[in-house]
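# Results of the structural survey
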Amino acid sequence: MADHSPEDNKLALKVVFYGPALSGKTTNLMQLHSLLNPQRKGELMVLETRDDRTLFFDMLPIGLKGESGLDLRLKLYTVPGQVQHDSTRKAVLSRADAVVFVADSQTGQQDNNATAFGNLEENLEKVGLDIDTLPMAVQFNKRDLPGVVGDTELQQRWADTPWAPLQMASALHGKGVLETFRVLLGRLYTEVDREFALATGHGIDRDTFIRQLSAASEENRA
Amino acid sequence: MRNFEDDPTLEDLLTSDQRQRLNQMLSALCRKPVSIGKDRSNGSVALEFNLETVGWLSGGSCEQERLAVADLVSFLMMFIAKYRLAANLHHDTTEASYAELQKQNAALKASEARYRALSDQLQEKVDEQVAVIKQAQMDLYESARLRSVGQLAAGVAHEINNPIGFMSSNLKVAGDYVNDLRERVPDSELNRDLLDDFADLIAESSDGARRIASIVSDLKTFSSIDQADHTLCDVNDLLSSAVHLLQTEYGHGVDILEKPGELPKISGHPSRLSQTFYNLLDNAVQALKCRQQGAGAEGWSGRILAKTSVDDGGIRVVIQDNGCGIAEDIREQVFDAFFTSRPVGSGTGLGLTVARDTARAHQGTIQIDSREDMGCRVTLFLPIR
Ligand SMILES: Nc1nc2c(ncn2[C@@H]2O[C@H](COP(=O)(O)OP(=O)(O)OP(=O)(O)O)[C@@H](O)[C@H]2O)c(=O)[nH]1
Ligand SMILES: [Mg+2]
C-alpha cells in the first residue's frame, strides 16, 4: 500500500523481510545497511531483541530523489520469525508493497520454511493482500553451512512458481544479499511504475530505480 | 487512524516540557543558547529522523555548533522513536488481538447457540417419533384386540343365537305341554306336585334362555363390528351393555347403579366407546376388590355408579366407585400406555390410555378425580356435534 502524498511529492514504499525464525532476516537488513550506498540512507533501527531474536521489528529507511523532485522512500522491515509473535508479524506485514521471503537452507529447517510460507500466505490474506500479485523475492540463506538442501533441487522445486529463480545467499558473509534485493526492486518497480508512472511522470526508469536504490558503497564495490 | 509506522512528528517525540528542558540542557553545553522548533528560520539546521525533517535547530554561536547539537538531538530522537514505535506496535497488536478474540468469542457463542438449538430440535424430534411409535403400537394392539374380541363375540353370538332360539321356543311349547298334561293325568296330589315342579323348571329354564339371549345381544352391541366409521350411537345402550357384560364376567355380586339420563344420539365409534366404558367399569371393579382386600373394610360395601347426563353441549358419562383410589404419586402416569398399578398379569395397562384416546377421537376430554382410599371418579365428556 504505497503511501503517496502528492502535496509533498512523496512516495513511501514498504518492503518486508519475512521468513521462519533465525533464517537471517535481521542479518540481511544489517548487511544491506552496511553494503548499500543509495542516495539517501537512514539509521538502521533494531528494535528490542532478546538473544539476537527480533521481538518487534528492524527497520532501515533508504531513499532517492526523482527528476521531478519526487521524494521516493523505501522502508525495509523485518518481522519476528518466532511463531508466537504472529500478531506483530501481521501488523508489520500490513500495507506492505513487497516481500522478501528469507528461507533457511538447512535440511532440518524445510518444515519451518513451509510453515512460515503458509503463515505469510495466511497473513497476507488477513491484511488484504494477495500473494499472487504482491512483488516478492525468495532467498535461501545460509548456503555456507554444511548439510543444506542442494541448489538444483531447490530451484527445481520452485521452478513452477512466480518466484523462480530462487536467490541463494550467505547473508552472514554478505553474499547474495544485494542480488536478492535487486531482484525484488525489479519486481517492485513493475508494480509501482504501473500505478505511479515512475518513468514517464518522474523520470525514474527501471534501471535508475534498481541502480540508485541498491548502489553498493565504495569499500564494497571491489 | 495513524499506523504505528507513520513518521513521527516533533510533538510525537517530545512534549513541549521535554523540549523546553532539552533546550536548556543543550544551551548549557553551547556558547550561545540553542532552541529546537518546528519552523525553519535563518541559519537553522534540520533535525532529521528516518530521512525525515522533524524540526529545526536555531541559535548557537556558529554553524558548526548547531550541526553538532543537531547530531546529538537526532541521536537522542532515535531512542525516543524506538520506544514510541515499539509502544505503538504493541498497542496496535494488542488491540487487534483483542478484537480478534472478541470476534472468535462471538462466533463461538453463535455456534454454541446453533448447536444447542439443533440438539433441542433433535430431542423434540426423537420425542415426537417415540410418541408416534408408541401410538402406532397401541393402535395396533388395540385394533387387534378389538378385532379378535369382536370376531369372537360375533361368532359366539351367532353360534348361540340359533340353539338358544329353538331352546326358547321349545321350552315355551314344553310349558304348553305341561298344561295339557294336567288335563290328561289323573288328578292326584303327587301328580299335581310333580307337574307344578315341572312347570317351574321349564319357566326357570325359559328365563335362563332369555338371559342368555340378552347377553348375546349385549355382546353383539359391544362388538358391533363397525371398525372405522362413525355411526349414530346411543351412549346409554352402549354403557348398559358394558355393565351387563361386566356383571356377567364378575357374577352379579357387583353393585352397579345405572343412572341413565335423557341423551341425544351422538355420532361416534360404538366399539371404542363400549371398550372404554368396559375398561372404566373394569378399573372400578378392580378398585373395589383392592379396597375389599385391604384393612378396615368392615362395614364398607363397594358400589359403582354409572351415570349419564347432558350439559355444556355434550354428554357427560361419570363412572364413580368408592374403591381404593389412585395413589398421588402415580396419578401422573395413569394415562401412559402399558402403565399398570395392578399385579403383573391382571391388567394390560391399556385401560385408561384407550379411554383417553377414545375421548380425543371424539373431540372430548377425560378427567380423573381421585383420593386414595376414598374412591375414584372418571368423567368422560363427549361433545354433541
Ligand atoms: N552460517 C550462517 N549463519 C547465518 C547466516 N545468516 C544468518 N545467520 C545466523 O543465524 C542466526 C539468526 O540470524 P538473524 O538474522 O537474527 O535471524 P532472523 O531471521 O532475524 O531471526 P528472528 O528475528 O528470530 O526471526 C544468527 O546467529 C546469524 O548469525 C548465514 O548466511 N550463514
Ligand atoms: Mg530478526
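Below: a short report on this structure. (Residues numbered from 1 in each chain as written. Chains lettered and ligands numbered in written order. Predicted model: local features only at pLDDT ≥ 70, side-chain atom pairs only at ≥ 80, totals over all residues. Heavy atoms only, no water.)

So, on to the overall build of chain B. On a plain count of helices and strands, chain B comes out with seven helices and ten strands. Taking the contacts inside chain B whose residues are at least 6 apart along the sequence as the reference set, 65% of them involve residues at least 24 apart. Total accessible area on chain B stands at roughly 23,200 Å², and carbon and sulfur atoms take up 54% of it. (Helix = DSSP H or I, 4+ residues; strand = E, 2+ residues; numbered from the N terminus. Contact = heavy atoms within 4.5 Å. Areas by Shrake-Rupley, 256 points an atom, 1.4 Å probe, with all protein chains shown as cover.)

Let us look at the interface of chain A and chain B. With 25 residues of chain A in contact, the opposing surface of chain B contributes 19 residues. Together, the buried faces of chain A and chain B total about 1,800 Å²; carbon and sulfur atoms form 60% of this surface. Where chain A touches chain B, the interface holds four salt bridges. Residue E52 of chain B pairs with R73 of chain A through a salt bridge whose shortest N-O separation is 2.6 Å. In this assembly, chain A and chain B are joined by six residue pairs in polar contact (both at pLDDT 80 or more). Within the residue set of the side of chain A that touches chain B, elements represented by two or more residues are strand 2 (10–18), strand 3 (40–41), strand 4 (45–46), strand 7 (58–65), strand 8 (71–78) and helix 2 (86–93) of chain A. (Buried area = accessible area lost by both parts, 1.4 Å probe. Salt bridge = Lys/Arg side-chain N within 4 Å of Asp/Glu carboxyl O. Polar contact = N/O pair within 3.5 Å; in protein donor to acceptor, adjacent residues only side chain to side chain.)

Residue and element names in this part refer to chain B. In terms of strand pairing, strand 1 (residues 34–37) meets strand 3 (residues 52–59) through four bridges, oriented antiparallel. Within strand 3, the position partnered with S35 by the bridge is S58. Across five bridges, strand 2 (residues 45–49) lies against strand 3 in antiparallel orientation. By the bridge assignment for strand 3, V45 is matched with L57. (Pairing = 2+ DSSP bridges.)

Right, let's talk about the coordination of the magnesium ion (ligand 2) for a bit. All names here are of chain A. Here the magnesium ion (ligand 2) is held by the protein donor atoms T26 (OG1) and T54 (OG1), which lie 2.0 Å from it. Here T26 is found in helix 1 (residues 25–35), whereas its partner T54 is found in strand 6 (residues 53–54), with 28 residues between them in sequence. T54 sits in the buried class, given a relative accessible area of 8%. (Donors = N, O, S within 2.8 Å, 3.2 Å for Na, K, Ca; no water. Buried < 20%, exposed > 50% of the residue type's maximum accessible area, 1.4 Å probe, protein only.)

All right, on to the sheet that holds strand 8 (residues 314–321) of chain B then. Residues and elements named next belong to chain B. On the basis of which strands lie adjacent, the open sheet formed by five strands has the order 5-7-8-10-9 and mixed pairing. The open sheet has two free edges, formed respectively by strand 5 (256–259) and strand 9 (365–371), since each of these has just one partner strand. Taking each pair of neighbouring strands and ignoring which way they run, the sheet shows an average axis angle of 15 degrees. Judged from the eight bridges that link them, strand 8 and strand 10 (residues 375–383) form a sheet pairing that is antiparallel. (Axes fitted to C-alpha atoms, helices over the stretch in contact; angles between N-to-C directions.)

All names here are of chain A. As a matter of local geometry, ligand 1 sits amid 19 residues, with K25, T26, T27, T54 and G81 nearest to it. Between ligand 1 and the protein, one listed contact pairs an oxygen atom with a backbone N or O atom of S23 at 3.2 Å. Here N141 contributes a side-chain N or O atom positioned 3.0 Å from an oxygen atom of ligand 1. In isolation ligand 1 offers 640 Å² of accessible surface; the protein chains occlude 85% of this area. Elements that contribute at least two residues to the shell around ligand 1 include exactly helix 1 and strand 6. Among the elements that line the shell around ligand 1, the one with the most residues is helix 1, at three residues. Partitioning the shell around ligand 1 into residue classes produces six nonpolar, eight polar and five charged. (Near = heavy atom within 4 Å. Nonpolar A, V, L, I, M, F, W, Y, C, P; charged D, E, K, R; others polar.)

What follows is about the packing of helix 2 of chain A against helix 3 (residues 110–126) of chain A. Residues and elements named next belong to chain A. Between helix 2 and helix 3, whose axes approach to 10 Å, the crossing angle comes to 60 degrees. Classified by the angle their axes make, helix 2 and helix 3 are oblique. In the packing of helix 2 onto helix 3, the handedness of the crossing is right-handed. Contacts between helix 2 and helix 3 involve D86, R89, K90 and L93 on the former and, on the latter, N119, L120, N123, L124 and K126. When the residues that make up the contact of helix 2 with helix 3 are grouped by side-chain class, the tally is three nonpolar, two polar and four charged. (Parallel < 35°, antiparallel > 145°, perpendicular 65-115°, else oblique. Left-handed = near helix turned anticlockwise from the far one by under 90°.)

Turning our eyes to something else, we now look at a negative patch on the surface. All names here are of chain B. A contiguous patch of negative charge, built from E189, D193, D197, D200 and E204, is present on the exposed surface. With respect to the element layout, E204 can be found in helix 4 (residues 189–222). The exposure class assigned to E204 is exposed, which follows from its relative accessible area of 59%. (Patch = residues over 30% accessible without salt bridge, like charges linked within 9 Å, V, L, I, M, F, W, Y side chains within 5 Å. Lys, Arg positive; Asp, Glu negative; His and termini not counted. Charge placed at Lys NZ, Arg CZ, Asp CG, Glu CD.)

This part covers the environment of L70 of chain A. Residue and element names in this part refer to chain A. For L70, the location among the structural elements is in the loop between strand 7 and strand 8. A residue is classified by how much of its surface remains accessible, and L70, at 1% relative accessible area, is buried. Excluding anything up to four places from it in sequence, L70 contacts N9, K10, L11, L64, K65, L198, H202 and I204.

This brings us to a nonpolar patch on the surface. Residue and element names in this part refer to chain B. A cluster of nonpolar side chains, contributed by L29, L72, F75, L76 and F79, occupies part of the molecular surface with about 520 Å² of accessible area. Considering each element in turn, the nonpolar patch owes the most residues, four residues, to helix 3 (residues 63–184). Take L76: it is sitting in helix 3. Taking relative accessible area as the criterion, L76 reaches 36% and is therefore assigned partly exposed.

Next up on the list: the state of the cysteines. Residues and elements named next belong to chain B. Inspection of the entire model under this criterion finds zero disulfides over all chains. In this structure C62 is a free cysteine whose sulfur lies 9.0 Å from that of C30, the closest cysteine sulfur available. Take C62: its relative accessible area is 25%, and that puts it in the partly exposed class. (Disulfide = S-S within 2.5 Å.)

Residues and elements named next belong to chain A. Residue placement: N9 occurs in the loop between strand 1 (3–5) and strand 2. Here S68 takes part through its backbone oxygen, which lies 3.3 Å from a polar atom of the side chain of N9. Not counting residues up to four positions away in its chain, the partners in contact with N9 are S68, G69, L70, D71 and H202.

A few words on the sheet that holds strand 1 of chain B. Residue and element names in this part refer to chain B. Within the open sheet, the three strands sit side by side as 1-3-2. Their pairing is antiparallel. Both outer strands of the open sheet, strand 1 and strand 2, are each paired with one neighbouring strand and no more. On average, adjacent strands in this sheet sit at an angle of 30 degrees to one another, irrespective of strand direction.

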